[in-house]
Amino acid sequence: MANIDDVRAIALALPEAEESVSGHTGEAAWRLKSGQFAWLRGPSATDLRQLAELGRDWPAGTVLAVRVADLEEKEALLAAEPDALFTIPHFEGYPGLLVRLDAVDRGRIEEIITDAWLARAPSRVAKKWLAERGLE
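Residues numbered from 1 in each chain as written. Predicted model: local features only at pLDDT ≥ 70, side-chain atom pairs only at ≥ 80, totals over all residues. Heavy atoms only, no water.

Undergrad: Please set out the overall build of the protein residue by residue, giving values where relevant.
TA: For the protein, the helix and strand inventory stands at 5 helices and 6 strands. Order of helices (α) and strands (β) in the protein, N terminus to C terminus: α-β-β-β-α-β-α-β-β-α-α. Against the 2.2 N^0.38 benchmark of 14 Å for 136 residues, the protein shows a C-alpha radius of gyration of 15 Å, consistent with a compact globule. Overall, the C-alpha framework of the protein stretches about 45 × 30 × 30 Å when taken along its three principal axes. In the protein, which comprises 136 residues, the proportion classed as buried is 41%. Partitioning the contacts of the protein with sequence separation of at least 6, the portion at a separation of at least 24 is 55%. Charge-centre separation for the protein: the mean point of 16 positive side chains lies 6 Å from the mean point of 23 negative side chains. (Helix = DSSP H or I, 4+ residues; strand = E, 2+ residues; numbered from the N terminus. Rg over C-alpha atoms; globule rule 2.2 N^0.38 Å. Buried < 20%, exposed > 50% of the residue type's maximum accessible area, 1.4 Å probe, protein only. Contact = heavy atoms within 4.5 Å. Lys, Arg positive; Asp, Glu negative; His and termini not counted. Charge placed at Lys NZ, Arg CZ, Asp CG, Glu CD.)

Laid out in structure tokens, this is it:
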């Protein structure tokens, strides 16, 4: 099971990543100059109401929101890992999804956060990082 300390260590190890506090929620967020790539996300009253209307509940435990490359990737990930990944009406049409930290291990959350970072990182930074790992 992944936890907030894992998220923080993984996110801050990525080039140019910084931790900030979300102005909306006061929760931790990890960002680049180009924007957030991961942030802690609790439910709003609207989220809870909309989920209830759909016959769903917000999961217990810590939830991390992450950016993905595009809507196609989002749909593929949601279909592949329905126990760990989910979305809400607020994220409709948005290239992001939600991760139940208690449903993923450290290795999987590292992949998810790294992919989120790659989706937001400047091209030159991402290419250099990938090349250093022989992944380009």
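Next comes the rest of the description.
Undergrad: Run through the packing of helix H1 (residues 4–12) against helix H4 (residues 106–120), naming residues and quoting values.
TA: Each pair of packed helices can be described by the angle between their axes along with the distance between the axes. Where H1 meets H4, the closest approach of the two axes is 10 Å, and the angle between their N-to-C directions is 40°. The angle between H1 and H4 places the two elements in the oblique class. Our pair here, H1 against H4, has a crossing hand that is right-handed. For the pair H1 and H4, the contacting residues are Asp 6, Val 7, Ala 9, Ile 10 and Ala 11 in the first and Arg 106, Ile 109, Glu 110 and Ile 113 in the second. (Axes fitted to C-alpha atoms, helices over the stretch in contact; angles between N-to-C directions. Parallel < 35°, antiparallel > 145°, perpendicular 65-115°, else oblique. Left-handed = near helix turned anticlockwise from the far one by under 90°.)

Undergrad: Can you lay out the sheet that holds strand S4 (residues 63–67) for me, pointing to particular residues and giving the numbers?
TA: Spatial strand order, S1-S2-S3-S4-S6-S5: 6 strands in an open sheet with antiparallel pairing. If you trace the sheet from one side to the other, it starts and ends with strand S1 (18–21) and strand S5 (85–86), each paired once. With 4 bridges joining them, strand S2 (residues 28–32) and strand S3 (residues 35–40) adopt antiparallel strand pairing. Among the inter-strand pairings, Trp 30 is bridged to a residue of S3, identified as Ala 38. (Pairing = 2+ DSSP bridges.)

Undergrad: Describe in detail the side chain of Arg 41, supporting the description with residues and values.
TA: Along the polypeptide, Arg 41 turns up in the loop between S3 and helix H2 (45–53). Since its relative accessible area comes to 13%, Arg 41 is described here as buried. Side chain to side chain, Arg 41 and Asp 47 meet in a polar contact 2.6 Å long. When residues no more than four places from it in sequence are discounted, the contact partners of Arg 41 are Asp 47, Trp 58, Val 63, Ala 65, Ile 88, His 90, Phe 91 and Leu 98. (Polar contact = N/O pair within 3.5 Å; in protein donor to acceptor, adjacent residues only side chain to side chain.)

Undergrad: Would you mind going over helix H5 (residues 123–132) in detail, with residue names and values included?
TA: Taken residue by residue, H5 has Val 125, Ala 126 and Trp 129 as its buried positions. The buried residues of H5 occupy an angular sector of 95° when the element is viewed end-on, so they sit on one face. Pointing more than 90 degrees away from the buried face of H5 are the exposed residues Arg 124, Lys 127 and Lys 128. Its buried side turned inward, H5 meets H4. Looking one or two residues beyond H5, the residue adopting positive phi is Gly 134, at roughly 65°. (Arc of directions from axis to C-beta.)

Undergrad: Report on H1, specifying residues and quantitative values.
TA: Residues of H1 that are buried include every one of Asp 6, Val 7, Ile 10 and Ala 11, and no others. Viewed end-on, H1 has its buried residues packed into an arc of 120°, placing them on one side of the element. Here H1 starts with a cap whose side-chain oxygen sits 2.8 Å from the backbone nitrogen of Asp 5, and that cap is Asn 3.

Undergrad: Would you mind going over the pairing of S4 in detail, with residue names and values included?
TA: For S4, the buried fraction is high: 5 of the 5 residues fall into the buried class. Here S4 shows two buried faces, one formed by Val 63, Ala 65 and Arg 67 and the other by Leu 64 and Val 66.

That is the geometry; function is a separate question.
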